Amino acid sequence: MAQAMKIAIVDDERDMRQSISQWLALSGFDTETFASAEEALKGLGADYPGIVVSDIRMPGMDGMQFLKKLMSVDSGLPVIMITGHGDVPMAVEAMRLGAWDFLEKPFNPDRMTELAKKATLKRRMTLDSRALRKELSDGGTIMKKLIGSSDAMQRLREDILDLGQADGHVLIEGETGTGKSLVAHALHAVGPRAGKKFILLSCAALEEEALLKTLFGPMDDDGGSIPLVEAARGGTLVLEDVETLSQVAQARLLTFINEQGNPAETRVIAISNLQEAGKTLEDALRPDLFYRLAALKITLPPLRQRDDDVLLLFSRLSEQFAEEYGCPAPEVSAQEAAQLLQAPWPGNIRQLINVAERAVLQNRRGSGTIASLLMADDDDTQPVMTTEGKPLKEYVEAFERMLIDNTMRRHKGSIVNVMEELCLPRRTLNEKMAKYGLQRSDYLG
């Protein structure tokens, strides 16, 4: 859930503080007040979840000094300055120093609300962007998103850790919806470039002329924009749909790569979404470029080859959506577990996410089945079961693992509660957890 935005009101006049606070509170904002800039600074650090409204003329530290302090702590913090008559030139100077906007007394309360809405929206975007950058630079956080205990996923995580530390360019291949962009983020996050720029471009999203300018320049505007090959210098440049590059673009990209030297200053990660039957990326790219990009290669496993990861992922996803929608997660029967395991999943993880969300919404309404969702996802409305059968023992074990995992998560690792709910003696539960690779420490907290 997103954190509520606050508004810090700083004014030495008590009546003015209360008046602004009451009006903004009536407009739906969460407010807090401070009688001085010195007092406010104690509670306003970097990443403050909101904005600041401050008077300019205050005893002790005035609004201008206060603004400079705030900007040194967090230059992305929106600050709305309140000015008295004749203070407009001072307010203009405050804008130059980084203030968001200013209001002249006596101000229109509706104008205050309008500015507050715009400023809090901007602050939300800034904080979300920072959180995303932090997450994408944290190798541990990213690797936790690559959920699964199948052999295929264990090999994938090992490949990411190995190739993340290497210097060569990387080619990522796999079916649609397998998580290729997430793997690109992980490669960047676990390697020596983790603190550097990570820039991703979909080559299929732009016409050739726009693509060439975006990647290599020159830029049309004079607003300080730079081509992506320069913006990504020293970091990672990810090119999605690399198979759509024209011959001209391929030649320019090859020149850029050759000029990088060895080891490359900027790592290029190419993502191929080539789905055309009988055609490979090697057919789509000129040979010299292909072999430079494919110096290192990762092929993502399709969901149908990840064994009981399907149940684990469905369980985690449905729990997340249940929390988001404020309702219980659906309970999966043994029959439904078998249906999930047997489905061909042509859309892979992306399709599973959609099915999990719709299952939660169905459960909230008290109607529908997982089988109906799987049928609805199949374009030809044919039975969704694969022709590759599995021994009954494998289905039973997958279902059993899911039940223990869900129960451990629900009881936050309490062995006693899990034993009681599943009617299992401690020794049996311990044996089954060891068999399925489940660790109690993963559920604590």
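Conventions and cut-offs
Residues numbered from 1 in each chain as written. Predicted model: local features only at pLDDT ≥ 70, side-chain atom pairs only at ≥ 80, totals over all residues. Heavy atoms only, no water. Helix = DSSP H or I, 4+ residues; strand = E, 2+ residues; numbered from the N terminus. Buried < 20%, exposed > 50% of the residue type's maximum accessible area, 1.4 Å probe, protein only. Contact = heavy atoms within 4.5 Å. Areas by Shrake-Rupley, 256 points an atom, 1.4 Å probe, with all protein chains shown as cover. Pairing = 2+ DSSP bridges. Axes fitted to C-alpha atoms, helices over the stretch in contact; angles between N-to-C directions. Expected span 1.5 Å × (residues − 1). Parallel < 35°, antiparallel > 145°, perpendicular 65-115°, else oblique. Left-handed = near helix turned anticlockwise from the far one by under 90°. Nonpolar A, V, L, I, M, F, W, Y, C, P; charged D, E, K, R; others polar. Core = buried A, V, L, I, M, F, W, Y, C linked by side-chain atoms within 4.5 Å. pLDDT = per-residue confidence, 0-100. Salt bridge = Lys/Arg side-chain N within 4 Å of Asp/Glu carboxyl O.

**Let's talk about the overall build of the chain**
- A count of helices and strands for the chain gives 20 helices and 10 strands.
- Overall, the chain is about 85 × 65 × 40 Å in size when its C-alpha atoms are taken along their principal axes.
- When burial is assessed residue by residue, the chain has 46% of its 445 residues classed as buried.
- Intrachain contacts of the chain at a sequence separation of at least 6 include 71% that bridge at least 24 residues.
- Put simply, the chain shows about 22,700 Å² of open surface, and 51% of that area lies on carbon and sulfur atoms.

**Description of the sheet that holds strand S8 (residues 236-240)**
- Spatially, the 5 strands line up as an open sheet ordered S7-S8-S9-S6-S10, and their pairing is parallel. Edge positions in the open sheet fall to strand S7 (198-202) and strand S10 (296-299), since each of these has one partner strand only. Taking each pair of neighbouring strands and ignoring which way they run, the sheet shows an average axis angle of 15 degrees.
- With 5 bridges connecting them, S7 and S8 associate as parallel partners. Bridge pairing links Ser-202 to Glu-240 in S8.
- Against the sheet, helix H7 (residues 151-164) makes contact with strand S9 (267-271) and S10, and its axis sits at roughly 160 degrees relative to S10, the strand it touches most.

**A closer look at the sheet that holds strand S3 (residues 50-55)**
- Strand order in this open sheet of 5 strands is S2-S1-S3-S4-S5, and the pairing throughout is parallel. Only two strands of the sheet have a single partner each, and these edge strands are strand S2 (30-34) and strand S5 (101-104). Averaged over all adjacent pairs, the angle separating strand axes in this sheet is 20 degrees, with direction ignored.
- Note that strand S1 (residues 6-10) and S3 share 5 bridges and pair parallel. Its bridge partner being in S3, Ile-7 is matched across the sheet by Ile-51.
- Set on the sheet, helix H1 (residues 14-26) makes contact with S1, S2 and strand S4 (79-83); between it and S2 the angle comes to about 170 degrees.

**Digging into helix H16 (residues 348-365)**
- Along its 18 residues, H16 runs 26 Å from first to last C-alpha, staying within 8% of the 26 Å computed at 1.5 Å per residue.
- Taken together, the buried positions of H16 are Asn-348, Ile-349, Gln-351, Leu-352, Val-355, Ala-356, Ala-359, Val-360 and Gln-362.
- Downstream of H16 by one or two residues, Gly-366 has phi in the positive range, about 80 degrees.

**Side note on the packing of H7 against helix H8 (residues 180-189)**
- Their axes nearest at 8 Å, the elements H7 and H8 cross at an angle of 45 degrees. When the interaxial angle is binned, H7 and H8 end up oblique. Crossing hand, H7 versus H8: right-handed. From H7, Leu-156, Ile-160, Leu-163 and Gly-164 reach across to H8, where they touch Val-183, Ala-186 and Leu-187.
- In terms of residue class, the contact of H7 with H8 is made up of 6 nonpolar, 1 polar and no charged.

**Digging into the nonpolar core**
- Core analysis: the biggest nonpolar cluster contains 30 residues, and Leu-215, Leu-237, Leu-239, Leu-253 and Leu-293 have the highest contact counts within it.
- Those elements giving two or more residues to this core turn out to be S7, helix H9 (208-216), helix H10 (228-231), S8, helix H11 (247-258), S9, helix H12 (281-284) and helix H13 (287-293).
- At 5 residues, H11 tops the list of elements feeding residues into this core.
- Non-local contacts of Leu-215, meaning those with residues more than four positions away in its chain, are made with Leu-201, Pro-227, Leu-228, Val-229, Leu-237 and Leu-239.
- If you look at the next biggest cluster of nonpolar residues, it comprises 29 residues, including Leu-303, Val-310, Leu-311 and Met-402.

**Things to note about the confidence of the model for the chain**
- Taken over all residues, the pLDDT of the chain has a mean of 86, while the share at 70 or more is 91%.
- Contacts from residues 379-387, a stretch scored under 50 in pLDDT, to residues over four places away or in other chains number 14 contacts.

**Quick notes on the side chain of Ser-315**
- Within the secondary structure layout, Ser-315 lies in helix H14 (residues 309-325).
- In this structure, Ser-315 is in contact with Asp-405 and Asn-406, ignoring residues within four places of it in sequence.

**Thoughts on the pattern of salt bridges**
- Summed over all chains, the structure comprises 18 salt bridges.
- Lys-297 serves as the salt-bridge partner of Glu-173, at 3.7 Å between the closest nitrogen and oxygen. Within this pair, whereas Glu-173 is found in strand S6 (residues 170-173), its partner Lys-297 is found in strand S10, the two being separated by 124 residues in sequence.
- Asp-405 is the salt-bridge partner of Arg-316, the closest N and O atoms lying 3.3 Å from each other. Residue Arg-316 is found in helix H14, and its partner Asp-405 is found in helix H18 (residues 392-410); the two are separated by 89 residues along the sequence. Both residues of the pair, Arg-316 and Asp-405, belong to the buried class.

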